[in-house]
Amino acid sequence: QVQLVESGGGLVQPGGSLRLSCAASGFTFSSYVMRWYRQTPGKERELVATITSAGATTIYGDSVKGRFTISRDNAKNTMYLQMNSLKPEDTAVYYCKVNLPVRAYWGQGTQVTVSS
């Protein structure tokens, strides 16, 4: 079955960095666009970044542009989100998502907390 498992979250000081991973299984990872979202309590999930199937094209939300980098390793069925210059407002649960023909799948999320 389809599984997306995020990891790499944690507590970091403002200005610090973290790298999130999303390990995928149960589908042909290299064939699909992948996305990172984030959500804080009481707010809708926000699209953070998108990467095309071969990784040739990446798109970022305005709030993370220039600070975050999305990438993927199709040989490892894994997507990454390198987060630099983190701000307190980046605090959220981060999710990866794939839209398959039948339905969309989400991971369970990983908590990122930016605080001094």
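Here, every reference points to the structure presented above.
Residues numbered from 1 in each chain as written. Predicted model: local features only at pLDDT ≥ 70, side-chain atom pairs only at ≥ 80, totals over all residues. Heavy atoms only, no water.

**Student:** Explanation requested: the state of the cysteines in the structure shown.
**Tutor:** Cysteine pairs can be linked by a disulfide, which is a covalent bond between their two sulfur atoms. Counting across every chain of the model gives one disulfide. Bridging Cys 22 to Cys 96, the disulfide has an S-S length of 2.1 Å. A torsion of 70 degrees about the S-S bond marks the disulfide between Cys 22 and Cys 96 as right-handed. You can see Cys 22 sitting in strand β3 (residues 18-25) and its partner Cys 96 sitting in strand β9 (residues 92-99), a full 74 residues away along the chain. Across this residue pair, the class does not change: Cys 22 and Cys 96 are buried. (Disulfide = S-S within 2.5 Å. Helix = DSSP H or I, 4+ residues; strand = E, 2+ residues; numbered from the N terminus. Buried < 20%, exposed > 50% of the residue type's maximum accessible area, 1.4 Å probe, protein only.)

**Student:** Would you take a moment to explain the sheet that holds strand β1 (residues 3-7) for this structure?
**Tutor:** Within a sheet, adjacent strands bond to each other through the backbone by hydrogen bonds, running parallel or antiparallel. Spatial ordering of the open sheet is given by β1-β3-β8-β7, a layout of four strands whose pairing is antiparallel. Every interior strand has two partners, whereas the edge strands, β1 and β7 (68-73), have only one. This sheet shows a mean twist of 15 degrees between the axes of neighbouring strands, independent of strand direction. Where β7 and strand β8 (residues 78-83) come together, six bridges link them in antiparallel fashion. Directly across from Arg 72, in β8, lies its bridge partner Met 79. (Pairing = 2+ DSSP bridges. Axes fitted to C-alpha atoms, helices over the stretch in contact; angles between N-to-C directions.)

**Student:** Looking at this structure, how should I read the pattern of salt bridges?
**Tutor:** A side chain with one charge can pair with a side chain of the opposite charge if their charged atoms come near. According to the stated counting rule, one finds four salt bridges in the structure shown. As a salt-bridge pair, Glu 46 and Arg 38 come within 2.8 Å of each other at their nearest N and O atoms. Take Glu 46: its relative accessible area is 31%, and that puts it in the partly exposed class. Using a relative accessible area of 7% as the deciding quantity, one classes Arg 38 as buried. For Lys 65, the salt bridge goes to Asp 62, with nearest N and O atoms at 3.0 Å. You can call Lys 65 partly exposed: its relative accessible area is 49%. The exposure class of Asp 62 is exposed, given its relative accessible area of 67%. (Salt bridge = Lys/Arg side-chain N within 4 Å of Asp/Glu carboxyl O.)

**Student:** How should the nonpolar core be read in this particular structure?
**Tutor:** Soluble, globular proteins show a tendency: their nonpolar side chains are buried together. Phe 27, Met 34, Trp 36, Met 79, Leu 81, Met 83 and Tyr 94 are the most contacted members of the largest nonpolar core, which has 29 residues in total. Going through the elements one at a time, β3, β4 (34-39), β5 (46-51), β7, β8, β9 and β11 (110-114) are the ones with two or more residues in this core. When sequence neighbours within four positions are dropped, the list of residues in contact with Met 79 reads Leu 20, Ser 21, Cys 22, Phe 29, Met 34, Arg 35, Trp 36, Ile 51, Ile 70, Ser 71, Arg 72 and Cys 96. (Core = buried A, V, L, I, M, F, W, Y, C linked by side-chain atoms within 4.5 Å. Contact = heavy atoms within 4.5 Å.)

**Student:** I'm lost on the packing of aromatic side chains in this one. Help?
**Tutor:** Counting across every chain of the model gives four aromatic pairs. Taken together, a centroid distance of 6.3 Å and an interplanar angle of 55 degrees make the contact between Phe 27 and Phe 29 tilted. An aromatic cluster is built from Phe 27, Phe 29 and Tyr 32, whose rings are joined through pairwise contacts. Seen from the ring of Tyr 95, Arg 45 lies directly overhead, with NZ or CZ sitting 3.7 Å from the centre. Sitting over the face of the ring of Phe 29, Arg 72 holds its NZ or CZ atom 4.3 Å from the ring centroid. (Phe/Tyr/Trp six-rings, centres within 6.5 Å; stacked < 30°, edge-to-face > 60°. Lys NZ or Arg CZ within 6 Å of the ring centre and 35° of its normal.)

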